[in-house]
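# Structural description and commentary
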Amino acid sequence: MVYNVIGIMSGSSLDGLDIAFVQLTEVRGKWEYEIRVAECLPYEPEWVAQLSGATALPAMEYLLLHSRYGHYTGQKVNEFIARHQLDHQVHFIASHGHTTFHLPGEKMTAQLGEGAAVAAVTGLPVISDLRAMDVALGGQGAPIVPIGEQLLLPGYAYYLNLGGIANISARQGETFIAFDICPANRVLNALAAELGREYDENGALAAGGLTDKPLLEALNALPYYEMPWPKSLANEFGTGTVLPLVQRARLSVQGRLNTYTNHIAVQVAKAVEKLQQGLVPQEEQQLLITGGGAFNRFMVKLLQERLQPLNIKVVVPDEQTIKYKEALIMALIGALRWRQEPNVLSSVTGAQKDSVGGALWQS
């Protein structure tokens, strides 16, 4: 079977709306993909402000934003289709939305971007609310990308995504384990903004700073890092807990960037080390890095230095895979939902069972 799907993702780093038109082919349980065309549409400042402030809104204002952002997403999809001449080629849309509240302990997660609104604007079937069923079944609702790594990107022992939050997936036999490691680009971008930059290009600012040992130790001592998996992070952990801790340090912005980049590298190495516990030592294994942090050369250098003693080789893929892996996997999750097949792994999230997640909207 062949599915032509538009996958949509809005990450916690708020860099923009990722839209990917993907052809997915399934033959006897084996999946292949081709990203036909993809774009990241940067958010206008007013949308950054609205999305970042959504959790502080009264209930009615929040729901109005939920509807408004759904209509905005649908309009951007229509423009994308027209720009790339994709009329009558798209079978359906899989929209992740933008995560706001994420409280799996209370069996609740929320993503802005009403699926009904996207379907109404585009006239196409839309699959949304991709995490809700897993959370209702007692899971963390995150990470959900391991199903796509398993089916579309075989051959790696570890998969690291460096987006607004850093998360890792690991293949252990036939089972996948995955969890959120720490805040990543959401914090780094906020620090770079203090110097008028959208982000620290290539990690050049961080590379020019000095590591502050007391701050690094304080960051590494945060209780979350000692929690067992499955576990996941809300955006507020980065903006409400980590960022203020970093900003209170009497350091230059470059020093803060350097220290926090080292913190990410330390926590990734610790996560891999924990995943290796109890396993028979093997020959060199590979870790695939995707997400915006894969373009941060200083970050990649630190990761390779810390992972080399663990016999791990860091692999940075092609630019399209780096940028649009999550949008691609949202498309796959949508296709699995369309087929009514499990698309969220309980071995990753801790839910009662694998689930078929996603609400289907048809105008």
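Before going into details, it helps to say that this report is about the structure given with it. Within each chain, residue numbers correspond to sequence positions counted from 1 in written order. Two thresholds apply to this predicted model, a pLDDT of at least 70 for residue-level local features and 80 or more for giving and counting side-chain atom pairs, whereas whole-chain, interface and lining totals are computed over all residues. With hydrogens and water set aside, each side-chain value is computed from the structure's full complement of heavy atoms.

In DSSP terms, a helix is any run of H or I states spanning at least four residues, a strand is any run of E spanning at least two, and both are numbered starting from the N terminus. If you tally the helices and strands in the protein chain, you get 13 helices and twelve strands. Overall size of the protein chain, expressed as C-alpha extent along the three principal axes, is 55 × 50 × 40 Å. Any two residues whose heavy atoms approach within 4.5 Å are treated as being in contact. Counting contacts in the protein chain only where the partners sit at least 6 residues apart, residues at least 24 apart contribute 70% of the total. Only the protein chains shown count as cover for residues, and all accessible areas are computed by the Shrake-Rupley method using a 1.4 Å probe. With an accessible surface of roughly 15,600 Å², the protein chain has 51% of that area assigned to carbon and sulfur atoms. The distance from the centre of the 27 positive side-chain charges to the centre of the 35 negative ones in the protein chain is 4 Å. Charge counting treats Lys and Arg as positive and Asp and Glu as negative, with His and both chain ends excluded. One atom stands in for each charge, and that atom is NZ of Lys, CZ of Arg, CG of Asp or CD of Glu.

Of the consecutive residues alanine 142 and proline 143, the connecting peptide bond is found in the cis state with omega at -15°. Turning to its location among the elements, proline 143 is positioned in the loop between helix 4 (132-136) and helix 5 (146-152). A cis amide bond links tryptophan 229 to the next residue, proline 230, at an omega of 5°. Tracing the backbone shows proline 230 in the loop between helix 8 (213-220) and helix 9 (235-248). For aspartate 129, which is not glycine, the phi torsion reads 55° and is therefore positive.

The strand order across the open sheet built from five strands is 9-8-7-10-11, with neighbouring strands paired in mixed fashion. At either margin of the open sheet sits one strand with a lone partner, and together these are strand 9 (175-183) and strand 11 (312-315). Along the sheet, successive strands turn relative to each other by an average axial angle of 20°, direction set aside. The sheet contact formed by strand 7 (residues 158-162) and strand 10 (residues 285-290) spans four bridges and is parallel. Paired with tyrosine 159 across the strands is leucine 288, a residue of strand 10. Docked against the sheet, helix 10 (residues 253-276) engages strand 7, strand 8 (165-172), strand 9, strand 10 and strand 11, running at close to 155° with respect to strand 9. The angle between two axes is taken between their N-to-C directions and runs from 0 to 180 degrees, where each axis is a line fitted to C-alpha atoms and a helix contributes only its stretch in contact. Lying on the sheet, helix 12 (residues 319-338) is in contact with strand 7 and strand 10; it crosses strand 10 at an angle near 75°. Pairing between strands is defined by DSSP: at least two bridges between the two strands are required.

This part is about the nonpolar core. Grouped together as the largest cluster of nonpolar side chains are 53 residues, with contacts concentrated most on Tyr158, Leu160, Ile168, Ile181, Ile264, Leu287 and Ile289. With ten residues, the top contributor of residues to this core is helix 10. With residues near it in sequence (within four places) discarded, isoleucine 264 still touches Leu162, Cys182, Pro183, Ala184, Leu188 and Met299. Judged by nonpolar contacts, the second largest core, of 36 residues, contains Phe92, Ile144, Val145 and Ile329. In this text, buried Ala, Val, Leu, Ile, Met, Phe, Trp, Tyr and Cys residues form a nonpolar core when linked through side-chain atoms within 4.5 Å. Burial classes: relative accessible area under 20% of the type maximum marks a residue as buried, over 50% as exposed, and values in between as partly exposed (1.4 Å probe, protein chains only).

This next bit is on the pattern of salt bridges. Two side chains bearing opposite charge may form a pair once their charged atoms approach each other closely. For this document, the term salt bridge refers to a Lys or Arg side-chain nitrogen within 4 Å of an Asp or Glu carboxyl oxygen. For the structure shown, the criterion picks out ten salt bridges. With its nearest N and O atoms 3.3 Å apart, the salt bridge here joins arginine 339 to glutamate 26. Highlighted residues: arginine 339 in the loop between helix 12 and helix 13 (346-349) and glutamate 26 in strand 2 (residues 17-27), separated in sequence by 313 residues. For glutamate 26, a relative accessible area of 11% translates into the label buried. Among the salt bridges present, the one from glutamate 341 reaches arginine 339, with a minimum N-O distance of 3.0 Å.

For proline 317, the location among the structural elements is in the loop between strand 11 and helix 12. Separated by 28 residues in sequence, proline 317 and isoleucine 289 have C-alpha atoms that sit 7.3 Å apart. In contact with proline 317, not counting residues within four places along its chain, are Leu288, Ile289, Thr290 and Ile322.

This part takes up helix 6 (residues 185-193). Burial of helix 6 is extensive: seven of the nine residues sit out of reach of the surface. Among all positions in helix 6, only Asn185, Arg186, Val187, Leu188, Asn189, Leu191 and Ala192 are buried. Structurally, helix 6 contributes buried residues whose contacts are with helix 1 (45-52), strand 7, strand 9, helix 9, helix 10 and helix 11 (297-307).

Turning our attention to the side chain of threonine 290. The residue threonine 290 is located in strand 10 in this model. We classify threonine 290 as buried; its relative accessible area is 1%. Side chain to side chain, threonine 290 and asparagine 161 meet in a polar contact 3.3 Å long. We define a polar contact as two N or O atoms separated by no more than 3.5 Å, with the added condition that, inside protein, one atom must be a possible hydrogen donor and the other a possible acceptor, whereas residues neighbouring each other in sequence contribute only through side-chain atom pairs. Among the polar contacts listed, one links the side chain of threonine 290 to the side chain of lysine 325, at a separation of 3.1 Å.

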